[in-house]
Protein chains: 2
Amino acid sequence: MSRRELRDLVRTQLQMLLEEGDLRGAKAILVPVQPADIAEAIEGLPEAMHALAFRLLSKDEAIAVYEYLDYSIQEQLLEELKSQDVRDIVDRMSPDDRARLFDELPAKVVNRLLEQLSPAERTATAQLLGYEADTAGRIMTPELISLKENFTVSQAIERIRRLAKASEMIYYLYVTDAARHLTGIVSLRELVTSQPDQAIGEIMTRDVVFVHTDTDQEEVAKLIQRYDFLAVPVVDREQRLVGIITVDDVIDILQQETTEDIYALGGGVQSGGDNYFQMNLMEVARKRVVWLFVLLITNTVTGTIIKSQEDILAKVVTLTAFIPLLTGTGGNVGAQSSTVVIRGMNTEEIRMLGPLQVIAREAIAGALLGAMLGTVATVWAYFLQGKLEVAIAVGTSLVAISVLASISGSALPFLFRLLRLDPALMSAPFITTAVDVLGVLIYFNLARVILNL
Amino acid sequence: MSRRELRDLVRTQLQMLLEEGDLRGAKAILVPVQPADIAEAIEGLPEAMHALAFRLLSKDEAIAVYEYLDYSIQEQLLEELKSQDVRDIVDRMSPDDRARLFDELPAKVVNRLLEQLSPAERTATAQLLGYEADTAGRIMTPELISLKENFTVSQAIERIRRLAKASEMIYYLYVTDAARHLTGIVSLRELVTSQPDQAIGEIMTRDVVFVHTDTDQEEVAKLIQRYDFLAVPVVDREQRLVGIITVDDVIDILQQETTEDIYALGGGVQSGGDNYFQMNLMEVARKRVVWLFVLLITNTVTGTIIKSQEDILAKVVTLTAFIPLLTGTGGNVGAQSSTVVIRGMNTEEIRMLGPLQVIAREAIAGALLGAMLGTVATVWAYFLQGKLEVAIAVGTSLVAISVLASISGSALPFLFRLLRLDPALMSAPFITTAVDVLGVLIYFNLARVILNL
């Protein structure tokens, strides 16, 4: 049975038992199920059953399941559960998950919840909330284990044993001096394989890779990805250790940042990191309409240019029929170039080539594509309407438009990056406009020359 | 100094010193640099210097740096380095990295290299090479530590101490029975916090999440992401433990799969997982041209429809000017819908909604967008050419086209998934064609009615 089938089965059974009021049976079927799968099953239930199903869980399980739920359902549960239940959950979430949850809640609810935390927990959460969104400070957890250089390996292991429960990550240990400055790192792997009486200062690595609290979360993610770390330490401006960021958070960040890019590339949807499928529809329309208004204007320009060529269109009406082919192909060639360049910037696959090299490569690729497409289009256009001159005008235009589209498709993302604008969001409308307007002009002017108009 | 600046500095210094023949100086500046950064510096050097720079490294460092290099440079180095050096490198790479390298090399080179491995290493690699590409079997590493249920905690820790060097991951330990069937899992965290004389069978988790050797790598990645694991065990058809897959490999897989999707969405570039910026240009053209030929045909259909309306276009020439606006906007609304749906399928953000709910949501969003765009377009069209009837035809068409585009943009990805075709690759041409052809027909027919033609 696949995990998806398992989840569906659990959800169906759970819903049935809850509808029958058989809480005992419902409780029983959840026992062997993993928290992540329980969370999915709860998400699939009708809204009214969420709190009911959640109450079936033991306290420990409830906390594990809660962290896997979507924010919208976390919020809903907070509203519905009794105050004591809520306090238990919030109190025992890890500070970084809690900070992210609070970030989504209305300020009034946040204040009520902060009141319910223990003083130490409140400080940890408030501290995280003080950092800018999308920075290392916001996603880090202060739950780490730090050591001193003069500890022996066995003292260190004893300390880990004592603190393991309260720490998110015990596989990397961080060494600090008296003023909490980060001076080294040692892995649990190194501890386990060292002699018990060796000093931490002897076995630790002094050349630590770290980030600052204001480092952008995307940069943190790339760093962890690049070095294959399980976590990276975060220091403040005075190089004092204040937290760590773990690899599981990084995967989610990479996915979220990629989603934003894909949305931007796929027709200018501005997601801002929210789950599109949980937004209300007015918000959806608002996030999609801006770009469409821009297109309204740029497409009018193309339309106006076509209209300005009425004289030639009236003489050779058949020329109109090839306009969608030329602008459509040009737009697509441009989209191909900008897509690979923008993705290349983000994954750093492009790093071995400079902008000019990339643009030159794309220009040549565009010429190759243009040659193939132009040849086929010439034959195709001749076959469709029987005028050789028109066919040649279509074919030659296509070569020119492919080169033009490849160049603008690869050059504009670099330009926008230089201007500190998001290439994923900005490139498409400008490329489309450039290719449409210039493409149509090239076509009509070539047609004038070739057809002697 | 940012890491990027550091890398650039190292590369510049390194190149200068190598050009001057100062090998000793070159060696010295690399000492404090991390392997990942050295790899980047080497990649930035002129090709002729790669092997020279690589020889500066100590043996241990060379192996660490080698695994970070791009495959193209790994291949080049293999060709250039002396046979003994090569044997050392290949011998000490982890089996999963080695399998991936061999996968890229010509068969002749692979055979020569396999010969040089120790018998145990050869078996491990050959075993990995026997699995299908993109499956768990191919990306797993057999370097794990297994325990038996009757071991005590202290015996287990002793075993870890002994085997740590030869294992990629020592933070999860896997418990097997006499026939190597996977029966449980225990983390180093649990070992460290348990009493030394407890039995592994008492503290281990029996409900292990695992994958099979033929599980698709993307599914493995999603599993690790979903459960926040550091690794997942791989079993064969008889449930015997054969390897593990670690989280660092998963990040790279997620990135590669996303790149393929983005390329497919961005105008149908078929990447097949290769680095686009390292392909030769004929290959680039080949991977991009298929989709362009499809467009050539579909755009001809649109062109033919426009031409078939010559009678009405001759009477009201100004209608032509709004065609790019209508098809352009429709295409973009469709792209927005298909983008969010396809991304939603991949990230499972969509999971709480069924296909019909998603399509209904998109249809309503399309109507909202259409209402906004239609209103503005009517005013805009009237302002541009002064004929109210034409303006109304444009505005009402835009509403209909937005709804149509949203529906086809959200429905077609589900259809292709049902047909087991890649939605990311297939959706765009069909959506564009549907929207263009139907959109133009809607426009002309509405114009006929409104203008009484």
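Note that this is a predicted model, so its numbers are computed, not measured.

1. Looking at the relation of the copies chain A and chain B
Logical step 1: Note on the identical chains: chain A maps onto chain B by a rotation of 180° and an axial translation of 0.0 Å, with an RMSD of 0.1 Å. The relationship between the two copies is best expressed as a two-fold rotation axis.
Logical step 2: Interface overlap between copies: 100% of the residues of chain A at the interface are likewise at the interface in chain B, consistent with a symmetric, same-surface contact.

2. Observations regarding the sheet that holds strand 2 (residues 172-176) of chain B
Residues and elements named next belong to chain B.
Logical step 1: The mixed open sheet is built from three strands, whose spatial order is 1-2-3. For this open sheet the edge positions go to strand 1 (146-147) and strand 3 (182-187), each flanked by a neighbour on one side alone.
Logical step 2: Of the pairings in the sheet, the one linking strand 2 to strand 3 comprises five bridges and is antiparallel in character. By the bridge assignment for strand 3, Thr-176 is matched with Leu-182.

3. A short note on the UniProt feature "transmembrane region" (unreviewed entry) in chain A
Residues and elements named next belong to chain A.
Logical step 1: What UniProt calls "transmembrane region" (unreviewed entry) maps, in this numbering, to residues 289-306, 363-384, 390-416 and 428-451.
Logical step 2: Strand forms 0% of residues 289-306 and helix 100%; the C-alpha atoms that close the span are 26 Å apart.
Logical step 3: Helix and strand shares over residues 428-451 are 96% and 0% respectively, and the end C-alpha atoms of the span are 33 Å apart.

4. Topic: the nonpolar core
Logical step 1: Grouped together as the largest cluster of nonpolar side chains are 99 residues, with contacts concentrated most on Leu-188 and Leu-191 of chain A together with Leu-188 and Leu-191 of chain B.
Logical step 2: Residues in contact with Leu-191 of chain A, not counting those within four places in the same chain, are Val-153, Ala-156, Ile-157, Ile-160, Leu-173, Val-186, Ile-200 and Ile-203 of chain A.

5. Here's the deal with the sheet that holds strand 5 (residues 231-235) of chain B
Residues and elements named next belong to chain B.
Logical step 1: Spatial strand order, 4-5-6: three strands in an open sheet with mixed pairing. With partners counted over all chains shown, the strands left at the sheet margins are strand 4 (211-212) and strand 6 (241-246), one partner each.
Logical step 2: In terms of strand pairing, strand 4 meets strand 5 through two bridges, oriented parallel. Considered in strand 5, the bridge of Val-211 is made with Val-234.
Logical step 3: Against the sheet, helix 15 (residues 217-227) makes contact with strand 4, strand 5 and strand 6, and its axis sits at roughly 140° relative to strand 5, the strand it touches most.

6. Details of the pattern of salt bridges
All names here are of chain A.
Logical step 1: Scanning all chains against the criterion turns up 14 salt bridges over all chains.
Logical step 2: Salt-bridge contacts for Arg-161 lead to Glu-158; the nearest nitrogen and oxygen are separated by 3.4 Å. Taken together, the residues Arg-161 and Glu-158, both in helix 12 (residues 153-163) and three residues apart, mark about one turn of the helix.
Logical step 3: Judged by relative accessible area, Arg-161 falls into the partly exposed class, the value being 33%.
Logical step 4: Taking relative accessible area as the criterion, Glu-158 reaches 40% and is therefore assigned partly exposed.

7. Overview of the domain arrangement of chain A
Logical step 1: What the domain assignment lists for chain A is domain 1 (3-132), domain 2 (146-253) and domain 3 (276-450).
Logical step 2: Each of domain 2 of chain A and domain 3 of chain A has a C-alpha centre, and these two points are 50 Å apart.

8. With respect to the UniProt feature "domain: CBS" (unreviewed entry) in chain A
All names here are of chain A.
Logical step 1: The UniProt feature table records "domain: CBS" (unreviewed entry) at residues 140-203 and 204-260.
Logical step 2: Span residues 140-203 is 33% helix and 20% strand, its end C-alpha atoms 26 Å apart.
Logical step 3: Each end of residues 204-260 is marked by a C-alpha atom, and these two atoms are 39 Å apart; helix forms 44% of the span and strand 23%.

9. Section: the packing of aromatic side chains
Residue and element names in this part refer to chain B.
Logical step 1: Here the structure, examined in full by the defined rule, presents 11 aromatic pairs over all chains.
Logical step 2: Here Phe-416 and Phe-430 contribute two aromatic rings whose centre-to-centre distance is 5.4 Å and whose plane-to-plane angle is 55°, an arrangement assigned as tilted. Separated by 14 residues along the polypeptide, Phe-416 in helix 21 (residues 388-418) and Phe-430 in helix 22 (residues 423-451) bring together distant segments of the chain.
Logical step 3: For Phe-416, a relative accessible area of 6% translates into the label buried.
Logical step 4: You can call Phe-430 partly exposed: its relative accessible area is 44%.
Logical step 5: Measuring from centroid to centroid gives 5.6 Å for Tyr-443 and Phe-444, while their planes differ by 40°, and the two rings are tilted.
Logical step 6: Judged by its relative accessible area of 1%, Tyr-443 is buried.

10. Some remarks on the interface of chain A and chain B
Logical step 1: Contacts between chain A and chain B engage 114 residues on the former and 114 residues on the latter.
Logical step 2: Summing the contributions of chain A and of chain B, the shared interface buries around 10600 Å²; its carbon and sulfur component is 62%.
Logical step 3: The closest approach of N and O atoms between Glu-40 of chain B and Arg-226 of chain A, which form a salt bridge, is 3.0 Å.
Logical step 4: Linking chain A with chain B are 38 residue pairs in polar contact (both at pLDDT 80 or more).
Logical step 5: Among the elements that line the side of chain A that touches chain B, the one with the most residues is helix 17 (residues 281-308) of chain A, at 17 residues.
Logical step 6: Classifying every residue of the side of chain A that touches chain B gives 61 nonpolar, 29 polar and 24 charged.

About the criteria used
Residues numbered from 1 in each chain as written. Chains lettered and ligands numbered in written order. Predicted model: local features only at pLDDT ≥ 70, side-chain atom pairs only at ≥ 80, totals over all residues. Heavy atoms only, no water. Least-squares fit on C-alpha atoms with pLDDT ≥ 70 in both. Contact = heavy atoms within 4.5 Å. Pairing = 2+ DSSP bridges. Helix = DSSP H or I, 4+ residues; strand = E, 2+ residues; numbered from the N terminus. UniProt positions renumbered as here; feature names shortened; annotations may be inferred. Core = buried A, V, L, I, M, F, W, Y, C linked by side-chain atoms within 4.5 Å. Buried < 20%, exposed > 50% of the residue type's maximum accessible area, 1.4 Å probe, protein only. Axes fitted to C-alpha atoms, helices over the stretch in contact; angles between N-to-C directions. Salt bridge = Lys/Arg side-chain N within 4 Å of Asp/Glu carboxyl O. Domains from an automatic or database assignment. Phe/Tyr/Trp six-rings, centres within 6.5 Å; stacked < 30°, edge-to-face > 60°. Buried area = accessible area lost by both parts, 1.4 Å probe. Polar contact = N/O pair within 3.5 Å; in protein donor to acceptor, adjacent residues only side chain to side chain. Nonpolar A, V, L, I, M, F, W, Y, C, P; charged D, E, K, R; others polar.

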